[in-house]
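Chains, contacts and geometry: an overview
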Amino acid sequence: MTKLKLLVFLLLFSITIQSQTKKFKVVLDAGHGGKDYGATYHGNIEKKIALNTVLKVGEILAKETNVEVVYTRKTDVFVELDQRANIANKSKGHLFISMHCNANDNQTASGNETYVMGVTRNAANLEVAKKENAVVTLESDYKIKYDGFDPKSPESVMGISIMQEENIQQSIDIAGKVQQAFTKFTSSKNRGVKQAGFLVLRKIIMPRVLIEMGFVSNKDEGAFLNSTEGQNKLAEAIAKAILEYRDDFFKLETPETPKKVEPKKELTKKDELKKTDVKSSTENKIAIEGVTFKIQISASGKKLETFPKNFNGLKNISVEKENAIYKYFYGSTTSLATAKQLLEEAKVKGYTSSFIVPIKNGKKIKLSEAIK
């Protein structure tokens, strides 16, 4: 084999391997940095806490063989908000996590909360967004770059140009997992999942959330955030939520062993009846176990009447309220096969990011658990 042929062979082999194995890619964004200190109280500096915790989350995730971590910053440098989005989108990541610390003039305020992108008129949510968006004033020509955005104006915060529904379902899911993990790993108050207009999230083209890990303005909570023990607990919680999200929404693309094609044989009437009995048995088993499958098609901060005209003609729509978010579901069945058909119907109607939600005993479970 000549050197040229060997080089071509190795190149093709490398491309084949890359196409066969796809890693779950997480973009970790440490808020603020460099000349932008973020919130500072009692000697607790937001930019340092965010970076330290991000790096700890990255270390945990890096131990997973099928996870790749991308950072918007790994050192104490100033990164413009648009640049953070560019890094994320260029990486073609599957999930974007921006980590911050909260602050309030009322220094008794405490707890953690996770935000998804959206428009809100809630005064408290607007205030959080205004503080995090204020970093743009450190960028040159920010009014031109961000279409006249004024970080002090509620109208600007509410009027950020976004595709509000894009990836909102998955964003809400990871946000919920983060809050649940915080409750498990820390004793901090769970302030829930919320919506607000954050500039750092507005151009991200993947599921994305902004986490407020706690209040640096609260003396006790600030000390926790600034401690190695606190950052370890927070990192463990966030990493756990990310891996749970991966298990629910991401499937490894691995090469399948080609199946030997057997010649088709005519099925007898007995074979057909046996096949039907097996299928019925499987479906009955799922029903007995109490698993119901629904298709989540969208989520929004506003409530819609469940008329077909509001959902591209789809009937049998149900709605659930989770925190301040309304989740909309299409259909309900005890058969996984039927659920897959409903999923395809939803996608044909334009709900391309819809997904199957298994429910057992009134609680949502993982699809893999339902199948077992």
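Quick caveat, the model's predicted, so the values are computed rather than measured.

**Digging into the overall build of the protein chain**
Looking only at helices and strands, one finds 12 helices and 13 strands in the protein chain. Split into buried and exposed, the 372 residues of the protein chain put 47% on the buried side. Within the protein chain, contacts between residues at least 6 apart in sequence are counted, and of these 78% link residues at least 24 apart. Carbon and sulfur atoms provide 52% of the accessible area of the protein chain, an area that totals close to 20400 Å².

**Description of the confidence of the model for the protein chain**
Overall, the prediction assigns the protein chain a mean pLDDT of 77, with 69% of residues at 70 or greater. The low-confidence segment residues 275-288 (pLDDT under 50) makes seven contacts with residues lying over four places distant or belonging to another chain.

**Quick look at the pattern of salt bridges**
Applying the stated criterion across every chain yields a total of 10 salt bridges. Measuring nitrogen to oxygen at the nearest pair gives 2.6 Å for the salt bridge that ties Asp29 to Arg84. With a gap of 55 residues between them, Asp29 in strand 1 (residues 24-30) and Arg84 in helix 3 (residues 81-91) connect regions that are remote in the sequence. Look at Asp29 and you get buried, because its relative accessible area is 1%. Where Arg246 meets Glu64, a salt bridge forms, and the shortest distance between an N and an O atom there is 3.2 Å. Residue Arg246 is found in helix 9 (residues 228-249), and its partner Glu64 is found in the loop between helix 2 (46-62) and strand 4 (67-71); the two are separated by 182 residues along the sequence. Classification of Glu64 by relative accessible area gives partly exposed; the value is 28%.

**Some points on the sheet that holds strand 5 (residues 95-102)**
If you trace the six strands from one edge of the open sheet to the other, you get 4-1-5-8-6-7, paired in mixed fashion. Of all the strands in the sheet, just strand 4 and strand 7 (190-196) have a single pairing partner and so form its edges. Strand-to-strand twist of the sheet, defined as the mean angle between neighbouring strand axes without regard to direction, takes the value 25°. The pairing of strand 5 with strand 8 (residues 208-215) spans six bridges and is classified as parallel. Its bridge partner being in strand 8, Phe96 is matched across the sheet by Arg208. Against the sheet, helix 2 engages strand 1, strand 4, strand 5 and strand 8, with an angle of about 165° to strand 1. Sitting on the sheet, helix 3 touches strand 1, strand 4 and strand 5, and the angle it makes with strand 1 is about 170°.

Thresholds, definitions, all that
Residues numbered from 1 in each chain as written. Predicted model: local features only at pLDDT ≥ 70, side-chain atom pairs only at ≥ 80, totals over all residues. Heavy atoms only, no water. Helix = DSSP H or I, 4+ residues; strand = E, 2+ residues; numbered from the N terminus. Buried < 20%, exposed > 50% of the residue type's maximum accessible area, 1.4 Å probe, protein only. Contact = heavy atoms within 4.5 Å. Areas by Shrake-Rupley, 256 points an atom, 1.4 Å probe, with all protein chains shown as cover. pLDDT = per-residue confidence, 0-100. Salt bridge = Lys/Arg side-chain N within 4 Å of Asp/Glu carboxyl O. Pairing = 2+ DSSP bridges. Axes fitted to C-alpha atoms, helices over the stretch in contact; angles between N-to-C directions.

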